[in-house]
Amino acid sequence: HLKDNTYFTKEKININEIVKDVQKYRDHKEIINFDEEMLRKKNFVFTPGALERLTKLNNYITAGVPVLLEGPTGTSKTLSSEIICELLNRKLIRFNLSSETKSADLLGRYVGDSESWAGISLVNGPFIDAFENGYTLLLDEINLASQECLQFIEETLDSGVISTEIPGMPMKEIRMHPEFR
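A. Looking closely at the overall build of the protein chain. The number of helices and strands found in the protein chain is 7 helices and 6 strands. Listed N to C, the secondary structure of the protein chain is α-α-α-α-β-α-β-β-α-β-α-β-β in terms of helices and strands. Burial status across the protein chain gives 29% buried among its 181 residues. Within the protein chain, residue pairs in contact and separated by at least 24 positions form 60% of the contacts whose partners lie at least 6 positions apart. Accessible surface, the protein chain: about 12300 Å² in total, of which carbon and sulfur atoms supply 52%.

Following this line, the structure appears as structure tokens:
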């Protein structure tokens, strides 16, 4: 029932507070001194823009602000995310999207399982794994994702809940972990 959905009982969101928090991290100009030796081992190219991107990414992930990195191929967007997650000791799950990706691909899939009485079992997809366990999820090439897939992501992030129905089982609600990024 809709009346039981916690989305409708939560306090009003203060958009001004959210904007203030985002601006605080966006306007923070102090560049972090990263371990240059570790970054060189990862073939990271040092430029003022790259170090600024690492700093902003660090600040946003720490604060729980969603991040969208855009730019030409080969400008270390993915590598920057991997480096920051390593430095913050956060598990990173990377998933490539395409126009063929469906929300079911993010949720999970059935696989053969000789230990199961049915011979198959459900394996959580990358979105549920990160969402439920508080990991960082990198959705690579999100600009290629289908409208259906983007709508699923948006609805889930807005509500903080994944409601999924697995054939033969009751509706399952998965709540967003506070450390999900």
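B. Spotlight on the packing of aromatic side chains. Tallying each qualifying case throughout the model produces 4 aromatic pairs. Consider the rings of Phe 131 and Phe 180, whose centres lie 5.3 Å apart with planes at 65°: the pair is edge-to-face. Taken together, the positions of Phe 131 in helix α6 (residues 126-133) and Phe 180 in the segment after β6 (171-175) put the pair 49 residues apart, joining distant regions of the chain. There is no split in this pair, since Phe 131 and Phe 180 are both buried. Taken together, the ring pairs connect Phe 127, Phe 131, Phe 152 and Phe 180 into an aromatic cluster.

C. Quick peek at the packing of helix α3 (residues 48-63) against helix α4 (residues 77-87). Remark: α3 packs on α4, axes separated minimally by 10 Å, with the N-to-C direction vectors making an angle of 55°. With respect to α4, the element α3 is oriented oblique. The hand of the α3/α4 crossing is right-handed. Counting all contacts with α3, which are made through Arg 53, Leu 54, Leu 57, Asn 58 and Ile 61, the residues of α4 involved are Ser 80, Ser 81, Ile 83 and Ile 84. Here the residues of the contact of α3 with α4 are counted per class, giving 5 nonpolar, 3 polar and 1 charged.

Parameters at a glance
- Residues numbered from 1 in each chain as written.
- Predicted model: local features only at pLDDT ≥ 70, side-chain atom pairs only at ≥ 80, totals over all residues.
- Heavy atoms only, no water.
- Helix = DSSP H or I, 4+ residues; strand = E, 2+ residues; numbered from the N terminus.
- Buried < 20%, exposed > 50% of the residue type's maximum accessible area, 1.4 Å probe, protein only.
- Contact = heavy atoms within 4.5 Å.
- Areas by Shrake-Rupley, 256 points an atom, 1.4 Å probe, with all protein chains shown as cover.
- Phe/Tyr/Trp six-rings, centres within 6.5 Å; stacked < 30°, edge-to-face > 60°.
- Axes fitted to C-alpha atoms, helices over the stretch in contact; angles between N-to-C directions.
- Parallel < 35°, antiparallel > 145°, perpendicular 65-115°, else oblique.
- Left-handed = near helix turned anticlockwise from the far one by under 90°.
- Nonpolar A, V, L, I, M, F, W, Y, C, P; charged D, E, K, R; others polar.

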